[in-house]
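Residue-level structure breakdown
Chain by chain, the residues run as shown.
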Amino acid sequence: MSPSDPSPRSRRDLLRAAAAAGLAPAILTPGLMTVSEALAQGVAPKRGGTLTSLLTPEPPVLIPLVNTQGPTIYATTKMYQGLVQYSSSLEPVPELAKSWEISPDKLVYTFQLQPNVRFHDGKPCTSEDVVFSIMDFAMTLSSRARSVFTVIDRTEAVDPLTVRITLKQPFEPLILLLGATSVPIVPKHVYAGTDFRTNPANQTPNGTGPFRFVEWQRGNFIRMRRFEDYWKPGQPYLDEIIFRIVPDGQSRALALQTGQTQIAQANDIEPFDIPRFRQQGNIEFTTKGWEYFAPISWFEINKRVKPLDDARVRRAMSHAIDRKFINDRLWFGVGKPATGPFVSTLRFRDPEVSLPEYDPKKAMALLDEAGLKPGANGIRFSIKHLPLPYGEVWTRLSEYFRTCMQRIGVEVTLETTDAGGWAARMASWEFDTSVNFVYQVADPALAVEHYYLSTNIKHVTFTNVGGYSNPKVDALFEKGRLSSDPEVRRQAYAEVQKIICEDMPYLYIQEMAYPTFYDKRLKNMMATALGVHTSFDDVFLA
């Protein structure tokens with residue numbers, strides 16, 4: 001059994017019992033209200049209604065892993081699922097895997113799948129789809145999976161509802177990479193033998209989730225409707241979900257204020273609007289639900305571009321950035337200034353490691369030392385900067401970056417583009433500097449190392465697109481990944497953090513704490529470490 005199974009009674013047994021008692025199906029995901037708890041609060045789970053959410057910016061595609069930007073993940077987790085999801089304390093809990101066993105030597109993971117699961121095209125989801133999703137789809141599209149899954153010796157479909165993963169050596173964080181945001185289960189019969197990125201079926205998403213794709217009016221909305229053959233009896237509760245695409249920040253704020261939308265999350269509401277929405281009586285505010293992702297923001301540096309290839313120059317640029325100002329004045333205190341390359345909640349974060357403090361004088365001294373004296377016009381060198389097109393606050397951050405650099409004699413020219421253009425330019429290395437936020441995902445071996453490994457310098461967005469290469473860092477990350485001894489891992493990652501703070505491959509900005517605003521009538525919204533990035537099969541409008 002999985003460690004999260006509370007009793008021998010299965011979810012389906014409890015659902016039957018609830019139905020026999022004349023109650024709505026029980027809500028059994030850990031952390032969510034059960035039927036009895038809901039009734040005790042005077043809020044019975046209720047079927048029906050349309051949930052309208054903002055989606056900013058418009059995603060380029062609605063197939064998980066084909067695109068890994070935030071809006072894509074948010075939308076596709078309503079249509080696609082993983083083997084597990086995660087409690088707010090990062091414990092794995094069942095999703096498409098109803099239970100699992102780990103062998104005593106920690107080399108063999110055996111998953112028992114939920115029965116009667118179907119894709120939206122009506123075909124059954126079996127162990128063959130799971131094996132394909134892990135070893136083909138994810139391994140092809142996800143740099144994170146390619147790095148982590150090298151520890152897998154083989155993945156087998158033992159029978160239609162049993163999957164066995166055998167490792168070459170123990171790897172503790174494995175199960176933390178088997179959720180919908182990292183390894184969504186996709187239909188083998190649709191993707192096997194095709195180019196996953198250009199498959200025509202990408203126009204019609206086909207997952208196992210509670211909502212199926214209906215239509216997408218580009219620039220306007222995406223509509224999903226209840227999947228009637230969903231594997232959880234009586235769910236989902238909502239009739240449909242509509243994602244409204246509203247490029248303008250003021251229009252998004254107005255939509256939330258007037259009730260035209262019931263959810264705004266991540267970058268939907270500009271930070272300067274947060275204080276007033278926190279006071280609005282019909283709206284709930286929380287920063288929970290990002291525990292799994294552990295987001296951090298940084299300025300990207302293309303280390304192929306001179307003089308950005310010099311670590312002294314990068315440290316100088318880091319000295320020129322006032323992280324506290326950014327956190328307090330641009331994000332209105334939601335989040336906290338970055339203090340190192342690992343967020344403070346990440347496993348193996350070394351509190352002794354610190355970033356260069358804000359000190360423009362030190363910055364200019366380092367540039368002098370690097371031989372970059374200011375010219376007659378006060379300019380030492382010029383670079384181009386690609387802002388992140390995710391809303392006004394990111395534009396303001398890039399403008400602040402330009403101002404900071406100008407103070408130390410670095411001329412910055414801003415070049416704007418849309419979300420698709422930004423991703424394409426990052427993937428093709430067509431930038432000097434940019435700004436980005438990434439998810440560090442629970443353990444350094446899962447979603448930190450691939451931004452630093454020289455083997456991961458690829459023409460793929462959200463990899464080591466800046467071209468950082470340090471053989472010692474490569475070796476230390478490998479040591480931390482492959483060891484099953486926590487102390488060995490701690491020492492390896494502590495050394496990694498020290499070296500990174502000297503090399504400064506990125507200019508670290510903020511440990512992000514995204515706000516989520518939602519209508520108080522919505523129940524079961526933020527019960528897991530994935531927050532709004534869950535299937536919403538238990539969400540209902542009271």
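Definitions and cut-offs
- Residues numbered from 1 in each chain as written.
- Predicted model: local features only at pLDDT ≥ 70, side-chain atom pairs only at ≥ 80, totals over all residues.
- Heavy atoms only, no water.
- UniProt positions renumbered as here; feature names shortened; annotations may be inferred.
- Helix = DSSP H or I, 4+ residues; strand = E, 2+ residues; numbered from the N terminus.
- Rg over C-alpha atoms; globule rule 2.2 N^0.38 Å.
- Buried < 20%, exposed > 50% of the residue type's maximum accessible area, 1.4 Å probe, protein only.
- Contact = heavy atoms within 4.5 Å.
- Areas by Shrake-Rupley, 256 points an atom, 1.4 Å probe, with all protein chains shown as cover.
- Lys, Arg positive; Asp, Glu negative; His and termini not counted.
- Charge placed at Lys NZ, Arg CZ, Asp CG, Glu CD.
- Pairing = 2+ DSSP bridges.
- Salt bridge = Lys/Arg side-chain N within 4 Å of Asp/Glu carboxyl O.
- Axes fitted to C-alpha atoms, helices over the stretch in contact; angles between N-to-C directions.
- Phe/Tyr/Trp six-rings, centres within 6.5 Å; stacked < 30°, edge-to-face > 60°.
- Lys NZ or Arg CZ within 6 Å of the ring centre and 35° of its normal.
- Expected span 1.5 Å × (residues − 1).
- Arc of directions from axis to C-beta.

The name given to the protein chain in an unreviewed UniProt entry is Glutathione-binding protein gsiB, and the organism recorded there is Roseomonas mucosa. Here the protein chain is described in UniProt, under the heading Subcellular location (unreviewed entry), as follows: "Periplasm".

Remarks on the overall build of the protein chain
Of the regular secondary structure elements, the protein chain holds 16 helices and 21 strands. In terms of overall size, the protein chain behaves like a compact globule, its C-alpha atoms giving a radius of gyration of 24 Å where 542 residues would be expected to give roughly 24 Å. For the protein chain, the C-alpha atoms occupy an extent of roughly 85 × 55 × 45 Å along the three principal directions. Out of the 542 residues in the protein chain, the part that is buried amounts to 59%. For the protein chain, the share of sequence-separated contacts (at least 6 apart) that also reach a separation of at least 24 residues comes to 71%. Accessible surface, the protein chain as shown: approximately 20500 Å² in total, 50% of it carbon and sulfur. Distance from the positive charge centre (60 side chains) to the negative charge centre (59 side chains) of the protein chain: 2 Å.

Topic: unusual backbone geometry
In the segment running from Thr56 into Pro57, the intervening peptide bond is cis, with an omega of -15°. Tracing the backbone through its elements, the reader meets Pro57 in the loop between strand S1 (50–54) and helix H3 (70–76). Following Gln235, the chain continues to Pro236 via a peptide bond in cis, the omega torsion being 5°. Looking at the element boundaries, Pro236 is found in the loop between strand S9 (221–226) and strand S10 (240–244). Positive phi values are uncommon outside glycine, yet Ala294 reaches one of about 45°. As for its placement among the helices and strands, Ala294 is situated in the loop between strand S12 (283–286) and strand S13 (295–301). For Ala442, which is not a glycine, the phi torsion comes out positive at approximately 70°. Within the fold, Ala442 resides in the loop between strand S17 (433–439) and helix H14 (444–447). Looking at Ala442, the relative accessible area reads 7%, which means it is buried.

Observations concerning the pairing of strand S8 (residues 211–217)
It is a general feature of regular strands that their side chains alternate between the two faces of the sheet. Of the strand pairs in this sheet, S8 and S9 are connected by six bridges, and their pairing is antiparallel. Residue Phe213 lies in a different strand from S9, and its bridge partner there is Met224. Counting the residues in the hairpin turn of S8 and S9 gives three residues, including Gly219, whose phi is positive at 80°.

Considerations on the side chain of Asp503
For Asp503, the location among the structural elements is in helix H16 (residues 486–503). For the buried residue Asp503, which engages in no salt bridge, the nearest side chain bearing the opposite charge is Arg314, 5.4 Å off. Not counting chain neighbours up to four residues away, the residues in contact with Asp503 comprise Ala311, Arg314, Tyr468 and Asn470.

Details of the sheet that holds strand S14 (residues 335–337)
Reading across the sheet, the six strands line up as S14-S18-S13-S17-S15-S16 and stay open at both edges, with mixed pairing between neighbours. Looking at the sheet topology across the chains shown, the edges are occupied by S14 and strand S16 (410–414). If you compare each strand with its neighbour and ignore which way they point, the axes differ by 30° on average. Of the strand pairs in this sheet, strand S15 (residues 381–386) and S16 are connected by five bridges, and their pairing is parallel. Note on S16: the bridge partner recorded for Ser382 is Glu411. Of the strands in this sheet, S13, S15, S16, S17 and strand S18 (507–512) are in contact with helix H12 (residues 392–407), which crosses S16 at around 155°.

Considerations on the packing of aromatic side chains
Taken as a whole and judged by the stated rule, the model has 34 aromatic pairs. When the centroid spacing of 5.1 Å and the interplanar angle of 40° are considered together, the rings of Phe137 and Phe196 count as tilted. Here Phe196 lies in the loop between helix H6 (188–191) and S8 and Phe137 lies in helix H4 (residues 127–141), a separation of 59 residues in the sequence. We note that Phe137, like Phe196, is buried. Ring centres 4.7 Å apart and planes at 55° place the aromatic pair Phe293 and Tyr439 in the tilted group. Of this pair, Phe293 sits in the loop between S12 and S13 while Tyr439 sits in strand S17, and the two are 146 residues apart along the sequence. By the burial criterion, Phe293 is buried, and Tyr439 matches it. Each residue in the set Tyr86, Trp290, Tyr292, Phe293, Trp331, Tyr390, Trp394, Phe437, Tyr439 and Tyr514 is aromatic and connected to the rest through ring pairs, giving one cluster. The residue whose ring lies beneath Lys78 is Phe536, and the NZ or CZ to ring-centre distance is 4.5 Å.

Quick word on the environment of Pro60
Here Pro60 is to be found in the loop between S1 and H3. Taking C-alpha positions, Pro60 is 7.8 Å from Thr72, a pair spaced twelve residues apart along the chain. Apart from residues no more than four positions distant in its own chain, Pro60 is found in contact with Asn67, Gln69, Thr72, Trp216 and Arg218.

Regarding H12
Taking 1.5 Å per residue as the helical rise, H12 with its 16 residues ought to reach 22 Å, and the 23 Å between its terminal C-alpha atoms agrees with that figure. Those residues of H12 not exposed but buried are Val393, Trp394, Leu397, Ser398, Tyr400, Phe401, Cys404 and Met405. Taken around the axis of H12, the buried residues stretch over an arc of 160°, which confines them to a single face. Count one or two residues on from H12 and you reach Gly409, which has phi positive near 90°.

Topic: the sheet that holds strand S5 (residues 108–113)
Judged by pairing direction, the sheet is antiparallel, and its four strands sit side by side in the order S4-S5-S7-S6 without closing on themselves. Each edge of the open sheet is held by one strand with a lone partner, namely strand S4 (97–102) and strand S6 (152–159). Neighbour to neighbour, the strand axes of the sheet diverge by 15° on average, direction disregarded. Across the face of the sheet, H4 comes into contact with S5, S6 and strand S7 (162–167) while running at roughly 165° to S6.

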